[in-house]
Amino acid sequence: MSGRFLRNFGIVMATTAVVTLATSPAAWASWETTATTVWGDNDMSREWTDEEYNEIKFKDCHTVSTKSIGVERWQLVTLGLDTRRDDFTFTNCFNGTDAVSTDTQSNLPRGTYYFETDATCLSCTVSVRKIVVDTTQAD
């Protein structure tokens, strides 16, 4: 390969990295929703950064066709396939206004995470009044 090709390739890669970083949504630590959200199959949450522990809570879930929703916790991998860290099914949040479903995971590697919902049928949606992602174990 010529030096010119390598230099041009390096410029293209650097430009791509800057554009990617500039257009990527910011990842936060703990967060929560402030309004009811609707989740279907393969819907993705916003991202959060984590060092070791995170907890995902759904409060007050409603749907017409089912009383559960699958949730998968993923770790974002910048140059590769994202890594699934956990999958679980929330059912308790369907048991009334104050009912909460919770999943926690510890000993996670430092990184950026998100969750993805897995509806139990193709056209199912679940409304969730409150979602909390907590990255502080001391509560």
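Criteria and thresholds
Residues numbered from 1 in each chain as written. Predicted model: local features only at pLDDT ≥ 70, side-chain atom pairs only at ≥ 80, totals over all residues. Heavy atoms only, no water. Disulfide = S-S within 2.5 Å. Helix = DSSP H or I, 4+ residues; strand = E, 2+ residues; numbered from the N terminus. Buried < 20%, exposed > 50% of the residue type's maximum accessible area, 1.4 Å probe, protein only. Contact = heavy atoms within 4.5 Å. Pairing = 2+ DSSP bridges. Axes fitted to C-alpha atoms, helices over the stretch in contact; angles between N-to-C directions. Salt bridge = Lys/Arg side-chain N within 4 Å of Asp/Glu carboxyl O. Core = buried A, V, L, I, M, F, W, Y, C linked by side-chain atoms within 4.5 Å.

1. Examining the state of the cysteines
Here's step 1: Summed over all chains, the structure comprises one disulfide.
Here's step 2: Two residues share a disulfide in this structure: Cys 61 and Cys 93, whose sulfurs sit 2.1 Å from each other. Across the S-S bond of Cys 61 and Cys 93 the torsion is about -100 degrees, and the bridge reads as left-handed. Placement of Cys 61 in strand E4 (residues 54-62) and of Cys 93 in the loop between strand E6 (83-90) and strand E7 (100-105) is noted, with a sequence separation of 32 residues between them. An identical accessibility class is assigned to Cys 61 and Cys 93; each is buried.

2. Comments concerning the environment of Arg 84
Here's step 1: Along the chain, the position of Arg 84 falls in strand E6.
Here's step 2: Judged by its relative accessible area of 45%, Arg 84 falls in the partly exposed class.
Here's step 3: With 10 residues separating them along the chain, Arg 84 and Trp 74 place their C-alpha atoms 4.4 Å apart.
Here's step 4: Apart from residues lying up to four places away in sequence, Arg 84 is in contact with Glu 72, Arg 73 and Trp 74.

3. Description of the sheet that holds strand E3 (residues 48-50)
Here's step 1: Read across the open sheet, the four strands follow the order E3-E8-E5-E6; overall the sheet is antiparallel. Each edge of the open sheet is held by one strand with a lone partner, namely E3 and E6. Neighbour-to-neighbour, the strand axes of the sheet open up by a mean angle of 30 degrees, direction not taken into account.
Here's step 2: Of the strand pairs in this sheet, strand E5 (residues 69-75) and E6 are connected by seven bridges, and their pairing is antiparallel.

4. Observations regarding unusual backbone geometry
Here's step 1: A positive phi is found at Asp 60, a non-glycine position, where the angle reads about 60 degrees.
Here's step 2: Locating Asp 60 in the fold gives a position in strand E4.
Here's step 3: According to the relative accessible area criterion, Asp 60 is buried, its value standing at 7%.
Here's step 4: A positive phi angle, near 60 degrees, is found at Asn 107, a position not held by glycine.
Here's step 5: Among the structural elements, Asn 107 can be located in the loop between E7 and strand E8 (111-118).

5. As for the pattern of salt bridges
Here's step 1: Taken as a whole and judged by the stated rule, the model has nine salt bridges.
Here's step 2: Put simply, Asp 103 and Arg 73 hold a salt bridge, and the shortest N to O gap is 3.0 Å. Taken together, the residues Asp 103 in strand E7 and Arg 73 in strand E5 connect sequence positions 30 residues apart.
Here's step 3: What emerges from the salt-bridge pattern is a single network uniting Glu 72, Arg 84 and Asp 87.

6. Topic: the nonpolar core
Here's step 1: Formed by 19 residues in total, the largest nonpolar core has its most connected members in Ile 56, Phe 58, Phe 90 and Phe 115.
Here's step 2: Among the secondary structure elements, those contributing two or more residues to this core are E4, E5, E6, E8 and strand E9 (126-134).
Here's step 3: Looking at this core, the element that brings in the most residues is E9, giving four residues.
Here's step 4: Once residues within four sequence positions are removed from consideration, Ile 56 is found in contact with Trp 48, Arg 73, Phe 88, Phe 90, Ser 101, Thr 102, Asp 103, Phe 115, Val 132 and Val 133.

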